[in-house]
Amino acid sequence: MTSWIPIRRNLYDSPKTFLVARQLKVDRFTVVGMVVYVWSWVGEHSIDGHIPDLEVDGLDEIVGIDGIGDAMLRAGWLQISGGDLLFPEWDQWNGQCTKKRLLDARRKQRKRKQESTA
């Protein structure tokens with residue numbers, strides 16, 4: 001549904017990143033890559049961060065890393081509701097209003113830059 005997702009600059013230093021890295025016994029750069037891939041996949045298959053009929057271990061298959069679903073669940077980046085997966089605060093980070101605000105900010109920044117060089 002979307003071609004891009006915003007990523008926090010401090011994602012590498014997040015306590016959640018440390019938790020997932022520790023649980024999976026990988027470095028934090030690997031965790032950042034994995035969660036960006038998961039979030040990108042969710043963005044392609046959901047408009048609200050809700051993935052119906054997918055088990056936690058289904059994320060393991062998507063990313064190709066055993067345990068990523070459980071690690072994201074333990075870190076709070078994932079929740080389970082019935083038989084569905086929910087990605088908390090999806091609208092805050094990936095909702096259309098957020099994307100519009102970010103695109104507007106980029107447009108204004110480009111305009112200011114053009115005006116300063118003119």
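If you're wondering where the values come from, they're calculated on a predicted model, not measured in any experiment.

Q: I would appreciate a short explanation of the pattern of salt bridges in the present structure.
A: For side chains bearing opposite charge, pairing can occur when the charged atoms are close. The tally for this structure, following the rule as stated, stands at one salt bridge. Across the pair Asp-13 and Arg-28 runs a salt bridge whose closest N-O atoms are separated by 3.2 Å. Taken as a pair, Asp-13 in the segment before helix H1 (15-24) and Arg-28 in helix H2 (residues 28-45) lie far apart in primary sequence, 15 residues in all.

Q: When you look at the packing of aromatic side chains in this model, what are you seeing that I'm missing?
A: The way to describe two aromatic rings as a pair is by their centre distance and the angle between their planes. Across all of its chains, the model carries three aromatic pairs by this definition. Ring plane angle 65 degrees and centroid distance 6.3 Å describe the contact between Phe-87 and Trp-90, whose orientation is recorded as edge-to-face.

Q: It is not clear to me how the sheet that holds strand S1 (residues 50-51) should be interpreted in this structure. Could you clarify?
A: Consider a sheet: its strands pair through backbone hydrogen bonds, and that pairing is either parallel or antiparallel. Across the sheet, three strands lie side by side as S1-S3-S2; this open sheet has antiparallel pairing. Each having just a single partner strand, S1 and strand S2 (79-81) make up the two edges of the open sheet. Bridge analysis of S2 against strand S3 (residues 84-86) gives three bridges, and the strand direction is antiparallel. Its bridge partner being in S3, Gln-79 is matched across the sheet by Leu-86.

Q: What exactly am I supposed to notice about the nonpolar core here?
A: In summary, soluble globular proteins display a tendency toward joint burial of nonpolar side chains. Formed by 26 residues in total, the largest nonpolar core has its most connected members in Trp-39, Leu-59, Met-72, Trp-77 and Phe-87. When contributions to this core are tallied by element, the ones reaching two or more residues are H1, H2, helix H3 (56-63) and helix H4 (68-75). By residue number, the principal contributor to this core is H2, which donates seven residues.

Q: In this structure, what is going on with the confidence of the model for the chain? I would like to understand it.
A: Note: predicted coordinates in regions of low pLDDT should not be interpreted at a detailed level. Across the chain, pLDDT averages 85, with 84% of residues at or above 70. Within the chain, helix H5 (residues 90-94) has the poorest average pLDDT of any element, 69, and H1 the best, 97.

Q: What's the story with the side chain of Thr-17 in this structure? I'm lost.
A: Assignment of secondary structure puts Thr-17 in helix H1. From its side chain, Thr-17 meets the backbone oxygen of Leu-11 in a polar contact 2.6 Å long.

Q: How do you make sense of unusual backbone geometry when you look at a structure like this?
A: Note: most peptide bonds trans; most residues except glycine with negative phi. Phi is positive for Lys-25, which is not a glycine, with a value near 60 degrees. Relative to the helices and strands, Lys-25 resides in the loop between H1 and H2. Backbone geometry places Asp-53, a non-glycine residue, at a positive phi of 55 degrees. Judged by relative accessible area, Asp-53 falls into the exposed class, the value being 69%.

Q: It is not clear to me how a negative patch on the surface should be interpreted in this structure. Could you clarify?
A: A grouping of Asp-53, Glu-55, Asp-57 and Glu-61 is seen on the molecular surface, where their side chains present a negatively charged patch. Mapped onto the fold, Asp-53 is located in the loop between S1 and H3.

Scoring rules and cut-offs
Residues numbered from 1 in each chain as written. Predicted model: local features only at pLDDT ≥ 70, side-chain atom pairs only at ≥ 80, totals over all residues. Heavy atoms only, no water. Salt bridge = Lys/Arg side-chain N within 4 Å of Asp/Glu carboxyl O. Helix = DSSP H or I, 4+ residues; strand = E, 2+ residues; numbered from the N terminus. Phe/Tyr/Trp six-rings, centres within 6.5 Å; stacked < 30°, edge-to-face > 60°. Pairing = 2+ DSSP bridges. Core = buried A, V, L, I, M, F, W, Y, C linked by side-chain atoms within 4.5 Å. Buried < 20%, exposed > 50% of the residue type's maximum accessible area, 1.4 Å probe, protein only. pLDDT = per-residue confidence, 0-100. Polar contact = N/O pair within 3.5 Å; in protein donor to acceptor, adjacent residues only side chain to side chain. Patch = residues over 30% accessible without salt bridge, like charges linked within 9 Å, V, L, I, M, F, W, Y side chains within 5 Å. Areas by Shrake-Rupley, 256 points an atom, 1.4 Å probe, with all protein chains shown as cover. Lys, Arg positive; Asp, Glu negative; His and termini not counted. Charge placed at Lys NZ, Arg CZ, Asp CG, Glu CD.

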